[in-house]
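What follows is the residue order along each chain.
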Amino acid sequence: LGLGESGTGKERVARALHAQSPRHAGPFCAINCATIPATLIESTLFGHEKGSFTGAQAQKKGLFEQAHGGTVFLDEVGELPPPAQAALLRAVEERMITRVGAVKDFSVDVRVVAATHRDLEGMVMQGTFRADLYHRLNTLSLMLPPLRERKDEIAPLVRVFLRELCREWGRSPAHSTPEGLAA
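The shown structure was predicted, so the numbers you read here are calculated from the model rather than taken from an experiment. (Residues numbered from 1 in each chain as written. Predicted model: local features only at pLDDT ≥ 70, side-chain atom pairs only at ≥ 80, totals over all residues. Heavy atoms only, no water.)

Let's talk about the sheet that holds strand 1 (residues 2-3)
Link 1 in the chain: What the 5 strands build is an open sheet, ordered 2-5-8-1-9; its pairing is parallel. A single partner strand is all that each edge strand has here, and the edge strands are strand 2 (28-32) and strand 9 (142-143).
Link 2 in the chain: Where strand 1 meets strand 9, 2 bridges bridge the pair, whose relative direction is parallel. Across the sheet, the residue bridging to Leu3 is Met143, located in strand 9. (Pairing = 2+ DSSP bridges. Helix = DSSP H or I, 4+ residues; strand = E, 2+ residues; numbered from the N terminus.)

Structure representation (structure tokens):
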């Protein structure tokens, strides 16, 4: 479970974990749970069958099915409403999913990496986040402090971003100045 403010690099850490894992050859599928409309959460995560709801004109694989053999990254998992938390718990515990409108379950083999900027433990105490889901997701926690608390990382990051921008823009390598870094 990655914990930290928005912009601290939780998805980059999840991608690095995936790249260094035995699942590195499998897909890495990421989604920000806060951006999914409540009516589409289960369809987005688990897919749907043709005709299962208005606008479902074809069968669609969900994120878990797309990530089979790889990693699912759920950013801002604390934003999921209770019904979606229950469905996610089932997928994590049993490694089984059901597409919306389907009558048959099927198994998926995914690693789930979740992240949030919210205090999930506090949400569990308030009853707004399922305790059982929290414990399943929280097998390993990693707190990512904001960059303002990691100032020694600014210079290396500037070098990386500058190198990437020069390559992207087709320019010769550039270097930062001490004045630029100080700013």
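Alright, that's what it looks like, and here's the rest.
Considering the pattern of salt bridges
Link 1 in the chain: One pass over the full model with this rule turns up 11 salt bridges.
Link 2 in the chain: With a closest N to O distance of 2.4 Å, Arg90 and Asp105 form a salt bridge. One end of the pair, Arg90, is in helix 4 (residues 82-94); the other, Asp105, is in the loop between strand 6 (96-97) and strand 7 (106-107), and 15 residues separate them in sequence.
Link 3 in the chain: Note on Asp105: relative accessible area 32%, which makes it partly exposed.
Link 4 in the chain: Note that Glu93 is salt-bridged to Arg136, the shortest N-O span being 3.3 Å. In this pair, Glu93 is assigned in helix 4 and Arg136 in helix 6 (residues 131-137), connecting sequence segments 43 residues apart.
Link 5 in the chain: The class of Glu93 is partly exposed, set by a relative accessible area of 39%.
Link 6 in the chain: Taken together, the salt bridges that share partners define one network made up of Glu49, Glu65 and Arg99. (Salt bridge = Lys/Arg side-chain N within 4 Å of Asp/Glu carboxyl O. Buried < 20%, exposed > 50% of the residue type's maximum accessible area, 1.4 Å probe, protein only.)

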